[in-house]
Amino acid sequence: MDADANRALIAAALARIPGGDRAALQTVYRLTSAKLFGVVLRILGERSAAEDVLQEVYVTVWRRAADFDAGRASPMSWLIAIARNRAIDRLRAQRRSGRMEPIEVAGELADDAIDAGSALEAAHEHARLHRCLGGLAEHERAALRGAFFDGSTYEELAVRMKVPLGTMKSWIRRAMIKLKACLEQ
Amino acid sequence: MSDATDHNALPDDELLAAEFALGVLAEDERAAAARRVARERAFADLVAQWERRLAPWAAEIAEATPHAQVWERIVAQLPSQAAPRPRLWQNLAFWRPFALASGALAAACIGALIYLGSLSHEALLVAELNGNGKHALVATIDPRRSTVLAVPANLAVTGDRVPELWLIVPGKDPRALGVIDAQKPMALPIPAHLMADATTEAALAISLEPPGGSPTGQPTGPVIAVGPLTKL
């Protein structure tokens, strides 16, 4: 099944959820839970916490499916945003309660090898984003990666990359401006 | 919203939306931004745009299989019975724009209503297809005649694309029902082998395709509206 067909299936299942259709939620779970669990696990780094968050994610999808708008968002970008937001909220709460120190992976923010990519996201969208990220300076790209993949804050990134907080903020803000301009070309 | 002085910069709200979507804000700033997402539609739209820009990056994250118990825990948290939503086509206000529309569209819509009125209600399946915050189309499937009647409402078609209607069945590839007209109601025949799949388990979707319809037999353009099939 290709990516566009998969996207239509997920969108159609999401549309059925507000009517109280549990089978539709199960369809969404079956088609998307491996990707969303990967995203959440990457941010939290620990299976048990990641599974708790994944549970919250799909209960949120059940409650908020009526908000999904196929004309505004792709179903995967909507789902990934819910998963990342839940995971990052959990991460911030953990750091506050001191249960986990910021992961020290100094020097490991370099680009990961690109895997084959998920069939869930259209390959051309990924290729376009990848090309635009490739146009950023290496330190800008590394900072964005740390935020997107690991849920790191400005402060954590500044410590990790050994620059003042203000410098990190301007790196990321400049990178986001460049990224938007490139994606809109 | 105040624009920053540097012409290369993003407006303050958009910058905050980008930071929120990226996930780089510390806990307090993040909570404040989340409250704005919940309350302000314009800000929520900015965040959604950034989420959409960044989401393809997740293709680089390896998938992982959660424990099977996670699904059981999710089911245990669902309410026992969801309240049914009122159906759009039961709302007179929905039909008012059709009555006010001029010329051929109004005539065609009245024709469609007469057509609907000539049918036995219990057999019909109806889907309200929504997209971009709007009611895009109402489709009615008549199993006895093996037809689907597509009545467009706000169906936004851009460029030289045409809207194509799809039958979406869980676990199967989308089935093409044909290209429809963005302006006026159309009745399309449903191939006999697809009628068995036209049930309340299925949904209808509209994608934008090249003139003549999808060249591959599967949706190739963006899905602009979807809606589940329900009994009328």
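Residues numbered from 1 in each chain as written. Chains lettered and ligands numbered in written order. Predicted model: local features only at pLDDT ≥ 70, side-chain atom pairs only at ≥ 80, totals over all residues.

Visitor: Sorry, what's going on with the overall build of chain B here?
Guide: Check the secondary structure of chain B and you find seven helices and eight strands. Within chain B, buried positions represent 36% of all 232 residues. Sequence-distant contacts, at least 24 apart, represent 58% of the contacts inside chain B between residues at least 6 apart. (Helix = DSSP H or I, 4+ residues; strand = E, 2+ residues; numbered from the N terminus. Buried ≥ 20, exposed ≤ 12 C-beta atoms within 10 Å, placed from the backbone. Contact = placed C-beta atoms within 7 Å.)

Visitor: Would you take a moment to explain the environment of Ala48(B) for this structure?
Guide: Within the fold, Ala48(B) resides in helix α3 (residues 41-54). The exposure class of Ala48(B) is partly exposed, given the 19 C-beta atoms found within 10 Å. For the pair Ala48(B) and Ala18(B), spaced 30 residues apart in the sequence, the C-alpha separation amounts to 9.4 Å. Those residues in contact with Ala48(B) that lie beyond four places of it in its chain are Arg72(A) and Ala73(A).

Visitor: Explain the nonpolar core here, please?
Guide: Generally speaking, a soluble globular protein has its nonpolar side chains buried in company with each other. By size, the foremost hydrophobic cluster in this structure holds 112 residues, and its most contacted members are Val40(A), Leu137(B), Ala139(B), Ile168(B), Leu204(B) and Ala205(B). Sorting elements by how many residues they give to this core places helix α2 (residues 22-44) of chain A first, with twelve residues. Dropping the residues within four chain positions of it, Ile168(B) is found in contact with Ala8(A), Leu9(A), Ala12(A), Pro174(B), Ala202(B), Ala203(B), Leu204(B) and Ala205(B). (Core = buried A, V, L, I, M, F, W, Y, C linked by C-beta atoms within 7 Å.)

Visitor: What is the right way to read the packing of α2(A) against helix α3 (residues 47-64) of chain A from this model?
Guide: The packing of two helices is summarised by the inter-axis angle and the distance between the axes. Residues and elements named next belong to chain A. Following both chains from N to C, one finds α2 and α3 inclined at 140°, their axes separated by 9 Å at the closest point. Put simply, α2 runs oblique to α3. Between α2 and α3 lies a crossing of right-handed hand. Residues Leu25, Val28, Tyr29, Ser33, Leu36, Phe37, Val40, Leu41 and Leu44 of α2 form the contact with α3, whose participating residues are Arg47, Ala49, Ala50, Val53, Leu54, Val57, Tyr58, Val61 and Trp62. In the contact of α2 with α3, the residues fall into 16 nonpolar, one polar and one charged. (Axes fitted to C-alpha atoms, helices over the stretch in contact; angles between N-to-C directions. Parallel < 35°, antiparallel > 145°, perpendicular 65-115°, else oblique. Left-handed = near helix turned anticlockwise from the far one by under 90°. Nonpolar A, V, L, I, M, F, W, Y, C, P; charged D, E, K, R; others polar.)

Visitor: It is not clear to me how the interface of chain B and chain A should be interpreted in this structure. Could you clarify?
Guide: One frequent convention defines the size of an interface as the accessible area lost when the parts assemble. Facing 59 residues of chain B, the contacting portion of chain A comprises 68 residues. Listing elements by their share of the side of chain B that touches chain A, those giving two or more residues are α1 (12-22), α2 (27-39), α3, α4 (69-77), β4 (162-168), β7 (203-209) and β8 (223-231) of chain B. If one sorts the elements of the side of chain B that touches chain A by residue count, β8(B) sits on top with six residues. Of the residues in the side of chain B that touches chain A, the class split is 37 nonpolar, twelve polar and ten charged.

Visitor: Quick question: what am I supposed to make of the pairing of strand β2 (residues 134-142) of chain B here?
Guide: Successive residues of a regular strand alternate their side chains across the two faces of the sheet. All names here are of chain B. Within β2, eight of the nine residues are buried, which leaves it mostly tucked inside the rest of the structure. Looking at chain direction, strand β1 (residues 125-131) and β2 are connected through seven bridges and run antiparallel. Paired with Gly131 across the strands is Lys134, a residue of β2. The loop that links β1 with its antiparallel partner β2 comprises two residues; one of these, Asn132, has a positive phi angle of about 55°. Joining the antiparallel neighbours β2 and strand β3 (residues 147-152) is a turn of four residues, in which Ser146 adopts a positive phi near 55°. (Pairing = 2+ DSSP bridges.)

Visitor: Is there a simple way to explain unusual backbone geometry in this structure?
Guide: Generally, phi is negative for residues other than glycine and the peptide bonds are trans, each holding for most cases. Within the chain, Lys162(A) stands out as a residue other than glycine whose phi angle is a positive 55°. The topology assignment puts Lys162(A) in the loop between α7 (154-161) and α8 (165-183). With phi around 55°, Ser146(B) is a residue other than glycine that occupies positive phi space. Its 15 C-beta neighbours within 10 Å are what place Ser146(B) among the partly exposed residues.

Visitor: Sorry, what's going on with the sheet that holds β8(B) here?
Guide: Whenever strands of a sheet pair, they do so through backbone hydrogen bonds, lying parallel or antiparallel. Residue and element names in this part refer to chain B. Pairing is antiparallel across the open sheet formed by eight strands, whose spatial order is β5-β4-β7-β8-β1-β2-β3-β6. Whereas interior strands pair on both sides, the edge strands pair on one side only; in this sheet they are β5 (175-179) and β6 (186-189). Pairwise comparison of adjacent strand axes, ignoring direction, gives a mean angle of 25° for this sheet. Two strands pair when backbone bridges link them, and β1 and β8 are joined in this way by four bridges, in the antiparallel orientation. Counted as the bridge partner of Ala127 is Leu229 from β8.

Visitor: Would you mind showing me how to read α3(A) here?
Guide: Helical geometry: 3.6 residues make up each α-helical turn, so side chains three or four residues apart lie on a common side. Under the 1.5 Å per step criterion, the end-to-end length of α3(A) is 25 Å for 18 residues, consistent within 8% with the ideal 26 Å. For α3(A), every residue scored as buried is listed here: Ala50(A), Val53(A), Leu54(A), Gln55(A), Val57(A), Tyr58(A), Val61(A) and Trp62(A). Against α2 and α4 (75-96) of chain A together with α4 of chain B lie the buried residues of α3(A). (Expected span 1.5 Å × (residues − 1).)

Visitor: Where do I start with α1(B) in this structure?
Guide: Along α1(B), the residues that are buried comprise Glu14(B), Ala17(B), Ala18(B), Glu19(B), Phe20(B), Ala21(B) and Leu22(B). In the segment just after α1(B), Gly23(B) is the residue with positive phi, at about 95°.

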